[in-house]
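Listed below are the residues making up each chain.
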Number of protein chains: 2
Amino acid sequence: MTLGYRGRAAWSLLLLTLAAPTASPLKLAVDGQTVVDQLTKLATFTDDPNPAVTRILFTENDMKARSYIKQLMAEAGLKVREDTMGNIFGVLPGANPNAAAVGTGSHCDAIPLAGMYDGTVGVIGGIAALGALRKANFLPARPLEVVMFTSEEPTRFGLSCSGSRAMAGVLDAEYLDSRRDENGTSYLEAAAAAGYGAGSYEDMLKGARRTFSDLSYFVELHIEQGPLLEQQGQQIGVVTAIAAPAALRVSFSGDGGHAGAQLMAWRNDASLAAAELALFVERAALGTGSPDAVATTGFWDISPKAVNSVPREAVLEIDVRDIDGGRRDGVVAAITAEAASIAERRKVRHTVDLINRDPPATSSPFVLQAVRAAVSELGYSSREMVSRAYHDSLFMAQVAPTAMIFIPCRNGWSHRPDEFASPEDIARGVKVLAHTMAFLAGNARAEDRQEL
Amino acid sequence: MTLGYRGRAAWSLLLLTLAAPTASPLKLAVDGQTVVDQLTKLATFTDDPNPAVTRILFTENDMKARSYIKQLMAEAGLKVREDTMGNIFGVLPGANPNAAAVGTGSHCDAIPLAGMYDGTVGVIGGIAALGALRKANFLPARPLEVVMFTSEEPTRFGLSCSGSRAMAGVLDAEYLDSRRDENGTSYLEAAAAAGYGAGSYEDMLKGARRTFSDLSYFVELHIEQGPLLEQQGQQIGVVTAIAAPAALRVSFSGDGGHAGAQLMAWRNDASLAAAELALFVERAALGTGSPDAVATTGFWDISPKAVNSVPREAVLEIDVRDIDGGRRDGVVAAITAEAASIAERRKVRHTVDLINRDPPATSSPFVLQAVRAAVSELGYSSREMVSRAYHDSLFMAQVAPTAMIFIPCRNGWSHRPDEFASPEDIARGVKVLAHTMAFLAGNARAEDRQEL
Ligand SMILES: [Mn+2]
Ligand SMILES: [Mn+2]
Ligand SMILES: [Mn+2]
Ligand SMILES: [Mn+2]
């Protein structure tokens, strides 16, 4: 992790505070419906029929989506490049070719049976923001870039945010190699088959590394994935922190048997151990007494899948999040202890693996200031809020000062086919993003901003 | 269902009681190791690596297994025929070409990750029994036949015993058509692709129909799939009844959401409703106070399968069995009521479908008498017992007087890769089967048996 940026950021905050009021107001043409049409086209690259979207890393539909994103970047006048991890960049060059860039972006992969707005709004919306700045003849001092991150969702390799983890230098080669997909394929093999990768994990990870010397700020646009903005009638969420996520995998294993012949007294049914643990996971989150603590048993694999067989194996993946990292760790510890106690009582074997336990991220005060200035310049209503969902920004915050911009989504729904954000809300989000990035990059033609 | 046979069976019982003592003892050469070698070869036709066996109806491996079974039947000197449902018969002609046959047989399909003895011992063992009778120059008065039933296991179409249900005339065309596999393929399409079927469901079902006028008795050899014979050191189980099975499918459906953003208070997690119901299923069986009542949640499908998504759909398939049909129905009713109550409390939608609820079968006293006579003639130890597992005999009992012969299996294990029966136990089972069928068919060369 690069620690050097915080001092420089504080210095810049002072400059921005002085400089912002004198900048000439931007007039950007952003058409929400065009963005929605592009999102709709992107949604057709899916393994399940629309309205559902299922798009898994480096599958045929993911490759089609990547081609389409590169096409949109090129059409917006951006310079396209890709890195060894499969992250795709669209760059609008700045007046100062040596300055570190201002980045935005998000992801286009989608978990099974998800919707068409999660992540994609931050990629296609990011392209639209840079395209609008270019059309407005805004010449940034720093380069602007929009990135489509590789695999924010953990579906294929059980690892979230592989692209941004690699950029932040917090992805271990050996660990990455251990995450095989359901066919036993490694990440390196899958990347190579998709035309990415490098000869080794080390080179692949090195090829994706970013530092504060080439990325000065990062800001991500995303749908809220919660109901607060909609419920309170606010247009923009200014994200001050990202909750600390942890994930664990618990396996129970019993002796199975025939559902007719194996009498109840002799059974050690792995699925019933799993059922007890999933109910405990719910109680553990509720038991904190805090609405910010959430715990979910999202993945269940009970086998053999046969109505006439006593389940022999049960694998659960459990997700625990909280804005308070310590309280989150308490819930993880309680679940781990309960798994052992259930296994003992039900006479099943068990294992618990911690898949990840990432630290929470606090947004950069400087980038937040830029977001607030953009919102105010545009005259939108807003609220400060925390993100309970995982985002690539969690890792980008370890590279450069980072914040996020949320827009409302219907009923707070996400990760489901009826996920929805309106063209109007999307257009507002894109404009706030563009204004924020313009602030952060500096306008090369404004004499009073050249010191950035 | 043919009701006419019961009177005739009672009349035959009297004859057998008079005739049996005068029959000359059979001397049959049965080599258990040869049968095991053939079972081992059959086990290589599997979708999962041995020792596991996975063999699903009309898949490539099922078709290879069918070829091998037809080859073994031909090598044993049996006449091979197949019916429209894909049931395969090997026939040893009798002296009286018009007499109704004496049948044996079982199944060769295997649920995912099962073993190599369930069902297969009754098919390859049945071929061995008929082959041994033929080699011993036993000329039966009635024809003898061994059948490999189509799809005793419910894996592909969620319907058990499709071959024997069709033989018994208790399989409805419309219902069968409604049972699609996971790709939406119908039974008729799958059968046609495998070279079976007929132009319509009606013709296919008609083509497989058996009645008492062409099948006089049926007896099935099978591993016990429970521990009683092994625990009590007995060699043969004489099966007096088959427990009454029922199966139901319960679906819960909630609103899903993002595992981070959807706070606990707003969730209606379908997987937790499923977890509560599965634990209730266990309590309901235990609550009867009878060791004969068993209930299993063998099939779980929780979706979307994503660690960062609140489960939206949960489908459970629940199997309930008891030797007491009324008590079994009480457990089914309690589970159905509990599903509704959980759905209401957890604010999820739900459906309950009864997949099947078959009546229990009582073995024919006449066929049991023949089995007991065979056991006694061979000098084996035995016990009377009920079968808690489902068998094709459950439906064959609706065609003709039926009973079953069990042999021990290690630890009572079944439906798992380490399922095991010894060559010695298999040889004993085959001999009891051969002697029983010889009794039931009548020896054409014994003057005192010609009245059969
Ligand atoms: Mn997501
Ligand atoms: Mn996302
Ligand atoms: Mn079975
Ligand atoms: Mn069986």
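Along each chain, the written sequence defines residue order, and numbers are assigned to residues from 1. Starting at A for chains and at 1 for ligands, labels are handed out in the order in which the entities are written. A pLDDT threshold of at least 70 governs which residues receive local features in this predicted model, and a stricter bar of 80 or more applies before side-chain atom pairs are shown or counted, although totals over entire chains, interfaces and linings include all residues. Calculated side-chain values reflect all of the structure's heavy atoms, with hydrogen atoms and water omitted.

By the naming in an unreviewed UniProt entry, chain A goes by Peptidase M20 dimerisation domain-containing protein and is assigned to Chlorella vulgaris. UniProt positions are given in the numbering used here, feature names are shortened, and annotations may be inferred rather than shown by experiment. Under the UniProt heading Cofactor (unreviewed entry), the entry covering chain A gives this text: "Mn(2+)".

## Concerning the interface of chain B and chain A
Counting from both sides, the interface comprises 65 residues of chain B and, opposite them, 65 residues of chain A. Here chain B meets chain A over a buried area of about 5400 Å², counting both sides, of which 63% is carbon and sulfur. Note on definitions: buried area is the accessible-area loss of two parts on being combined, 1.4 Å probe, summed for both. It is B:Met264, B:Trp300 and B:Val307 that lose the most area in chain B upon contact with chain A, and together they represent 13% of the buried surface on that side. By convention in these notes, a salt bridge is any Lys or Arg side-chain nitrogen within 4 Å of a carboxyl oxygen on Asp or Glu. In this structure, the connection of chain B to chain A is made through 4 salt bridges. Within 3.5 Å is the distance limit for a polar contact, defined as a pair of N or O atoms, with the added protein rule that one can donate a hydrogen and the other accept it, and that residues adjacent in sequence qualify only through two side-chain atoms. Connecting chain B to chain A are 20 residue pairs in polar contact (both at pLDDT 80 or more). Under the scheme used here, helices are H or I runs from DSSP no shorter than 4 residues and strands are E runs no shorter than 2 residues, and both carry numbers assigned from the N terminus. Secondary structure elements with two or more residues in the side of chain B that touches chain A: strand 5 (110-114), helix 9 (228-232), helix 10 (270-287), strand 10 (294-303) and strand 11 (313-322) of chain B. The contact criterion used throughout is that any non-hydrogen atoms of two residues lie within 4.5 Å.

## Quick notes on the packing of helix 4 (residues 120-135) of chain B against helix 14 (residues 423-441) of chain B
When two helices pack together, their arrangement is given by the angle between the helix axes and the distance between those axes. Residue and element names in this part refer to chain B. Look at helix 4 against helix 14: their axes get within 9 Å of each other, and the N-to-C directions meet at 60 degrees. In terms of axis orientation, helix 4 runs oblique to helix 14. Crossing angle aside, the handedness with which helix 4 passes helix 14 is right-handed. Counting all contacts with helix 4, which are made through Val121, Gly125, Gly126, Ala128, Ala129, Leu130 and Leu133, the residues of helix 14 involved are Ile426, Val430, Leu433, Ala434, Met437 and Ala438. Any residue outside Ala, Val, Leu, Ile, Met, Phe, Trp, Tyr, Cys, Pro, Asp, Glu, Lys and Arg is labelled polar, Gly included; the first ten of those are nonpolar and the last four are charged. Class assignment for the residues of the contact of helix 4 with helix 14 results in 11 nonpolar, 2 polar and no charged. Note on geometry: axes are C-alpha line fits, over the in-contact stretch for helices, and angles between N-to-C directions span 0 to 180 degrees. Orientation labels follow simple angle bins: below 35 degrees gives roughly parallel, above 145 gives roughly antiparallel, 65 to 115 gives roughly perpendicular, and whatever is left gives oblique. The handedness criterion is simple: a crossing whose near helix is rotated anticlockwise from the far helix by less than a right angle is left-handed, and one whose near helix is rotated clockwise is right-handed.

## With respect to a negative patch on the surface
Residue and element names in this part refer to chain A. Nonpolar side chains (Val, Leu, Ile, Met, Phe, Trp, Tyr) within 5 Å and like charges within 9 Å form the patches, drawn only from residues with over 30% relative accessible area and no salt bridge. Note on areas: Shrake-Rupley, 1.4 Å probe, and residue coverage restricted to the protein chains presented here. Residues scored as charged are limited to Lys and Arg (positive) and Asp and Glu (negative), so that His and the chain ends carry no count. Charge positions come from single atoms, namely NZ of Lys, CZ of Arg, CG of Asp or CD of Glu. Taken together, the side chains of Asp172, Glu174, Glu202 and Asp203 define an acidic patch exposed on the protein surface. Mapped onto the elements, Asp203 comes out in helix 8 (residues 201-208). For each residue, the accessible area found with a 1.4 Å probe, counting protein chains only, is set against the maximum for its type, and the residue is called buried under 20%, exposed over 50%, and partly exposed in between. Overall, the relative accessible area of 43% leaves Asp203 in the partly exposed class.

## Overview of the coordination of the manganese ion (ligand 2)
All names here are of chain A. Each metal's donors are the N, O and S atoms found within 2.8 Å of it, except that Na, K and Ca use a 3.2 Å limit; water is left out, so coordination can look incomplete. The protein atoms that coordinate the manganese ion (ligand 2) are His107 (NE2), Asp118 (OD) and His222 (NE2), at distances of 2.1 to 2.3 Å. One chain supplies every donor to the manganese ion (ligand 2), and in sequence these donors are spaced H-x10-D-x103-H. The distance between the manganese ion (ligand 2) and the manganese ion (ligand 1) comes to 3.6 Å, with Asp118 serving as a donor to both metals. One end of the pair, Asp118, is in the loop between strand 5 (110-114) and helix 4 (120-135); the other, His222, is in strand 7 (residues 215-223), and 104 residues separate them in sequence. Neither Asp118 nor His222 differs from the other in exposure class; each is buried.

## Considerations on the pairing of strand 10 (residues 294-303) of chain A
Taken residue by residue, a regular strand's side chains alternate between the two faces of the sheet. All names here are of chain A. With respect to burial, strand 10 is a largely interior element, 9 of its 10 residues being buried. By the bridge criterion, 9 bridges tie strand 10 to strand 11 (residues 313-322) in an arrangement that is antiparallel. Following the sheet pairing, Asp301 is matched in strand 11 by Val315. Only strands joined by at least two bridges in the DSSP assignment are considered to pair.

## Focus: the UniProt feature "domain: Peptidase M20 dimerisation" (unreviewed entry) in chain A
In this structure's numbering, the residues bearing the UniProt feature "domain: Peptidase M20 dimerisation" (unreviewed entry) are residues 248-344 of chain A. Spanning residues 248-344 of chain A, this segment combines 39% helix with 27% strand, and its end C-alpha atoms are found 19 Å apart.

## Brief notes about the coordination of the manganese ion (ligand 3)
All names here are of chain B. Summarising the metal site, the manganese ion (ligand 3) is bound by the protein donors Asp118 (OD), Glu153 (OE) and His415 (NE2), whose distances to it range over 1.9 to 2.3 Å. The sequence pattern formed by the donor residues of the manganese ion (ligand 3) is D-x34-E-x261-H. Taking relative accessible area as the criterion, His415 reaches 1% and is therefore assigned buried.

## Topic: the side chain of A:Ser364
All names here are of chain A. Counting through the fold element by element, Ser364 comes out in the loop between strand 13 (361-362) and helix 12 (365-378). At 3.1 Å, the side chain of Ser364 forms a polar contact with the backbone nitrogen of Val367. When sequence neighbours within four positions are dropped, the list of residues in contact with Ser364 reads Pro401 and Thr402.

## Here's the deal with the domain arrangement of chain A
Residues and elements named next belong to chain A. Here the domain parsing of chain A yields domain 1 (5-243 + 360-449) and domain 2 (244-357). Domain delimitation in this document rests on an assignment produced automatically or drawn from a domain database. Taking only C-alpha atoms, the centre of domain 1 and the centre of domain 2 are 34 Å apart. When domain 1 packs against domain 2, close to 920 Å² is buried across both sides, 53% of that on carbon and sulfur atoms. Contact with domain 2 buries surface across domain 1, with Ala243, Arg388 and Tyr390 losing the most and accounting together for 54% of the total. At the boundary of domain 1 with domain 2, the tally comes to 1 salt bridge.

## Describing unusual backbone geometry
Of note, the bond from A:Asn50 into A:Pro51 is cis; its omega dihedral lies within 30 degrees of zero at 10 degrees. Inspection of the secondary structure assignment puts A:Pro51 in the loop between helix 2 (32-43) and strand 1 (53-55). We note that A:Asn137 has phi near 60 degrees; this positive angle belongs to a residue other than glycine. The exposed category is assigned to A:Asn137, whose relative accessible area is 54%. Notably, B:Asn411 is not glycine yet its phi reads approximately 60 degrees, a positive angle.

## Here we look at the sheet that holds strand 9 (residues 244-253) of chain A
All names here are of chain A. Across the sheet, 4 strands lie side by side as 10-11-9-12; this open sheet has antiparallel pairing. Where the open sheet ends on each side, the last strands, each with one partner, are strand 10 and strand 12 (349-357). Across the sheet, the mean angle from the axis of one strand to that of its neighbour is 15 degrees, orientation sign disregarded. By the bridge criterion, 10 bridges tie strand 9 to strand 11 in an arrangement that is antiparallel. Bridge assignment links Pro245 to a residue of strand 11, and that residue is Arg321. Sitting on the sheet, helix 10 (residues 270-287) is in contact with strand 9, strand 10 and strand 11, with an inclination near 175 degrees to strand 10.

## Topic: the layout of surface pockets
Estimated volume of the largest pocket: approximately 1000 Å³. Note on definitions: the grid is 1 Å and covers protein atoms alone; a cavity is a set of points where a 1.4 Å probe fits but cannot get out; a pocket is an open set with protein on both sides within 12 Å along at least five of seven lines; lining residues have an atom within 4 Å of a point. As for the largest pocket, its lining consists of 31 residues, of which A:Thr155, A:Arg156, A:Glu182, A:Phe299 and B:Lys305 are closest to the centre. Of all the secondary-structure elements, those providing two or more residues to the lining of the largest pocket are strand 5, strand 10 and strand 11 of chain A together with strand 10 of chain B. For the lining of the largest pocket, the class distribution of residues is 11 nonpolar, 8 polar and 12 charged. Size it by volume and the second largest pocket reaches roughly 790 Å³. When residues of the lining of the second largest pocket are traced back to their parent elements, those giving at least two are strand 10 of chain A together with strand 5 of chain B. The dominant element in the lining of the second largest pocket, judged by the number of residues it contributes, is strand 5 of chain B, at 3 residues. When the residues that make up the lining of the second largest pocket are grouped by side-chain class, the tally is 10 nonpolar, 6 polar and 10 charged. Grid points are joined across faces, edges and corners, and a volume is the space filled by probe spheres set on the points.

## Some remarks on empty space enclosed by the protein
Vacant regions in the atomic arrangement are exposed by a probe of water-molecule size rolled over the atoms. Applying the stated criterion to the full structure yields 11 cavities of 30 Å³ or more. Considered as a void within the structure, the largest cavity measures approximately 160 Å³ in volume. Forming the boundary of the largest cavity are 18 residues, of which A:Val307, B:Pro154, B:Ser160, B:Asp319 and B:Tyr390 lie nearest the centre. Elements represented by at least two residues in the lining of the largest cavity include exactly strand 9 (244-253), strand 11 and strand 12 (349-357) of chain B.

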